[in-house]
Structures are given as C-alpha cells and as structure tokens.
Amino acid sequence: MPEREITSPIDLCGPDGRLNPDAVGWTRRPLHRANLRGWGRTKRWEYWGVVSPTHVIGIQVSSLDYAAVHGLYVLDRRSGQEWRHDVTVPLGRGVALPDRAGSGRVAVVAKDLTVDIDQPTAGTTGPTTIRATSPQITLTLTVEQPEGHESMGVVVPWSTRRFQYTVKDLARPVRGTLGIDGVAHPLTDAYAVLDHGRGVWPYRMTWNWGAGSGPGGNAVQLGGRWTDGTGSTENAIVVDGIVHKIGATLTWSYDRDDWRAPWRVTGDGVDATFVPEHVREARTELVVLGNSTHQAFGTWAGTARADDGTTLALDGLVGWAEEASNRW
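Residues numbered from 1 in each chain as written. Predicted model: local features only at pLDDT ≥ 70, side-chain atom pairs only at ≥ 80, totals over all residues. Heavy atoms only, no water.

*Asks:* Looking at this model, I keep getting lost on the overall build of the protein chain. Mind explaining?
*Replies:* Tallying secondary structure elements over the protein chain gives zero helices and 25 strands in all. Buried positions account for 58% of the 328 residues belonging to the protein chain. A separation of at least 24 residues holds for 54% of the contacts in the protein chain among residues at least 6 apart in sequence. Carbon together with sulfur atoms contributes 50% to the accessible area of the protein chain, which is approximately 13,300 Å² in total. (Helix = DSSP H or I, 4+ residues; strand = E, 2+ residues; numbered from the N terminus. Buried < 20%, exposed > 50% of the residue type's maximum accessible area, 1.4 Å probe, protein only. Contact = heavy atoms within 4.5 Å. Areas by Shrake-Rupley, 256 points an atom, 1.4 Å probe, with all protein chains shown as cover.)

*Asks:* Got a minute to help me understand the environment of Val-287 in this structure?
*Replies:* Its location among the elements puts Val-287 in the loop between strand S22 (270-286) and strand S23 (289-305). Classification of Val-287 by relative accessible area gives exposed; the value is 77%.

*Asks:* Teacher, can you tell me more about the packing of aromatic side chains here?
*Replies:* Geometry of an aromatic ring pair is reported as the spacing of the ring centres plus the angle between the planes. Counting across every chain of the model gives 19 aromatic pairs. On the basis of an interplanar angle of 70 degrees and a centroid distance of 6.4 Å, the ring pair of Trp-39 and Tyr-66 is categorised as edge-to-face. Of the two residues, Trp-39 is situated in the loop between strand S3 (32-33) and strand S4 (42-51) and Tyr-66 in the loop between strand S5 (55-63) and strand S6 (67-76); the sequence distance between them amounts to 27 residues. Classification of Trp-39 as exposed rests on a relative accessible area of 58%. Classification of Tyr-66 as buried rests on a relative accessible area of 19%. These aromatic residues form a ring-pair network of at least three members: Trp-45, Trp-158, Trp-201, Trp-207, Trp-226 and Trp-328. (Phe/Tyr/Trp six-rings, centres within 6.5 Å; stacked < 30°, edge-to-face > 60°.)

*Asks:* Explain the pattern of salt bridges here, please?
*Replies:* Where charged atoms from two side chains of opposite charge come close, those side chains can pair. In total, this model carries 18 salt bridges according to the counting rule given. For the salt bridge of Glu-46 with Arg-198, the shortest nitrogen-to-oxygen distance reads 2.9 Å. In this pair, Glu-46 is assigned in strand S4 and Arg-198 in strand S15 (residues 183-200), connecting sequence segments 152 residues apart. For Glu-46, a relative accessible area of 1% gives the class buried. Between Asp-195 and Lys-168 there is a salt bridge, with its nearest N and O atoms 3.3 Å apart. Residue Asp-195 is found in strand S15, and its partner Lys-168 is found in strand S14 (residues 163-180); the two are separated by 27 residues along the sequence. Put simply, Glu-5, Arg-28 and Glu-150 are held in one network by salt bridges that share partners. (Salt bridge = Lys/Arg side-chain N within 4 Å of Asp/Glu carboxyl O.)

*Asks:* Would you take a moment to explain the nonpolar core for this structure?
*Replies:* As a rule of thumb, soluble globular proteins bury nonpolar side chains together. One finds Trp-201, Trp-207, Trp-209, Leu-289, Trp-320 and Trp-328 to be the most contacted residues of the largest nonpolar core, which totals 34 residues. If sequence neighbours within four positions are ignored, Leu-289 has contacts with Leu-64, Tyr-66, Ala-67, Val-69, Thr-284, Arg-327 and Trp-328. Listed in part, the 31 residues of the second largest apolar core include Ile-59, Leu-72, Val-115 and Ile-130. (Core = buried A, V, L, I, M, F, W, Y, C linked by side-chain atoms within 4.5 Å.)

*Asks:* Even after reading the chapter, I still don't get the environment of Val-51, so can you show me in this structure?
*Replies:* Along the chain, Val-51 turns up in strand S4. Given a relative accessible area of 5%, Val-51 falls into the buried group. Considering only alpha carbons, one finds Val-51 and Leu-289, 238 residues apart in sequence, at a separation of 29 Å.

*Asks:* Got a minute to help me understand the pairing of strand S17 (residues 218-224) in this structure?
*Replies:* Looking down a regular strand, the side chains alternate between one sheet face and the other. In terms of residue burial, S17 counts as a mostly covered element, since seven of its seven residues are buried. Of the two faces of S17, the one lined by Asn-218, Val-220, Leu-222 and Gly-224 and the one lined by Ala-219, Gln-221 and Gly-223 are each fully buried. Pairing analysis gives seven bridges linking strand S16 (residues 204-214) to S17, with the strands arranged antiparallel. Within S17, the residue paired with Trp-209 across the bridge is Gly-223. (Pairing = 2+ DSSP bridges.)

*Asks:* Any chance you could explain the pairing of strand S10 (residues 113-118) here in plain terms?
*Replies:* The alternating pattern of S10 places Leu-113, Val-115 and Ile-117 on a buried face, while none of Thr-114, Asp-116 and Asp-118, on the opposite face, is buried. As paired strands, strand S9 (residues 105-110) and S10 are joined by six bridges and run antiparallel to one another. Residue Val-108 lies in a different strand from S10, and its bridge partner there is Val-115. Counted between consecutive antiparallel strands, the loop separating S9 from S10 contains two residues, among which Lys-111 sits at a positive phi close to 55 degrees.

*Asks:* For this particular structure, what's the right way to read unusual backbone geometry?
*Replies:* Residues other than glycine predominantly adopt negative phi, and peptide bonds predominantly adopt the trans conformation. The backbone of Asp-65 shows a phi angle near 75 degrees, a positive value even though the residue is not glycine. Mapped onto the fold, Asp-65 is located in the loop between S5 and S6. Phi at Ala-171 takes a positive value of approximately 55 degrees, unusual for a residue other than glycine. Note that Ala-171 resides in strand S14. Judged by its relative accessible area of 3%, Ala-171 falls in the buried class.

*Asks:* What should I look at first to understand the environment of Gln-221 in this one?
*Replies:* Within the secondary structure, Gln-221 sits in strand S17. In sequence terms Gln-221 and Ile-130 are 91 residues apart; their C-alpha atoms lie 22 Å from each other. Excluding anything up to four places from it in sequence, Gln-221 contacts Met-152, Lys-168, Leu-170, Trp-209, Gly-210, Ala-211, Glu-234, Asn-235 and Ala-236. A polar atom in the side chain of Gln-221 sits 2.7 Å from the side chain of Trp-209. A polar contact is formed between the side chain of Gln-221 and the backbone oxygen of Glu-234, at a distance of 3.0 Å. (Polar contact = N/O pair within 3.5 Å; in protein donor to acceptor, adjacent residues only side chain to side chain.)

This is the structure we're talking about:
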C-alpha cells in the first residue's frame, strides 16, 4: 500500500503521549508538531551536514533525555585531516530544540562549545543561519532556501509507544566561512542537509543513512534497517527542488571489514553505488548510552526511480553513507 501523503498541519502525539495514527505518513514540507511527552525514551536532535569541494562539516545538537550529546566535525577533503569536538551534558540540560522542523531557534552552550541556529518563524520561508564555535573551529554559515524547495518528512511507527518523525532537507545551497585554528576558509559551491529527528525510540537500534546533493536542487535520500516492517520508508529523490517519494524497502550492501570499499543500495527502481573517499569513525560509551558510527564521505552514482516514475541520475551527487548502531 502506498504511503499516505499528509498535506495539512498535525500533532505527532495524542493527549496521552502515544502516536497519533493520523500523523503516520509523509510530507513535502514540515507539517508535524512534535508534541512529545514523557521522559527516558524521547530523542530530539538537529544535525546539519555540509559538503563543499574542500571540506565536510557536521553540526549536531541533541537531547536524549538522560544526556545531551553535541558536536562539531570538520574534514579537509584534500588532506584527510579531521577536527572534532564533542560534548556530553548529563540529563540533557541547556538545549533549545523547537517542536517544528525548519522553524525557530536551535541553541546550546555546553562547556567550550556553542551552537546557535536561527531558522525562519513558523509559516514563513527564508535562509537559516548557523553559528558555532569550539576551541579549534568557528562557523558562520547561511543556508539558502530556494523558492519552491521541498523537504521530505516521514513518521515511522514501530508501535503506538515507539515512533520517530524525521525530516530530511537536502541540496540546500550554503555560503559562509569555516575557521580552523584561526585560518579562514570561504565556503563556495557547498550543499547542506538537515536531519531533524523527534521521537520515542527502542533502547537498541541500527540504521543506514545515505544522502547526496548536487546543483539545481537535485538530491537523493536513502535509508535502511530501522524502518523495516513499519510500512514507512525515508527514501526519496529531489528533482529541481521537488520531492518524489520512494516507498520501496531497499537493500544495503557494504563490507564491514573495508568501509572504504563501494557501498551498494538496491531495490525497486533503485540501483545506487556510493564510492567513499574518507571514513569517519565515532564511538561513545557512557554506561547506559553507546554509539558506534561509520560515516563514509564521497560520491554517488547510478539511478533512482520514484513511485511516480520520476528518475534521477545520481552520478556526481556528493554526500555520505553510514551505518550507526545505538544503545540509548
């Protein structure tokens, strides 16, 4: 059965905090209000990934109830040198995360890390500004929102008590400056991807995520494993800024003994190959909280066909493919 497209604003949860069944579906623009209730299993995060011809940047702000995990990451694509700064705050204190994607302020000040993301007010459009600092990294970015640009939102229901709302907003043009150890690097011909997540999660989960962006508002968004059996997927292509949904469950194939070998994602209408140029490995162990991530950065090739028959050639789209395993 095709996934239902939602076209008007809706609450993610009912008054009892359980999943609102009418909220299950996908959207072309953020329409869900993440009115989460309860404590312990709720997860909220905002992740921006930026790829330019010279650098890869990751900005993470999150609240996992009993801990807040934030970070800045930079990769020099030419030398392979990495810079990273991660901060964990007990009980998730001091984090501002709005309940609607793409609007409002995301902010945190934690030890020697600051992140301030200013988004348009609800119901309006416009650029997003990102400012962040750590001992070695400074960021001042403007993320443009082209006219008519769409993002893909989807609700993934494991049950009425466990569910996730995610928005993937791809191929957003970026301009600004990256500072590393006091040296300024202008960012041009860059693209940003937003991963907005709000939900109530099982304790253990593994996912795959792939994203690639290119000029003209063309992009691919692919996911796997965590949505299996739910009737929902987070798969789509973006053509000229317009989202075209892919409802098929896809198969991911890659070598865990050689993360730099090509990754393959295949399924109904999708034949995609990802060629890594660098692999970022991250691991967190905090008693009840644990994470292991292998995130490969590089270039996509192949084709992807959406449910409406629209096909996109993926050759040259830049981004990443990852496997993440969480205990949280």
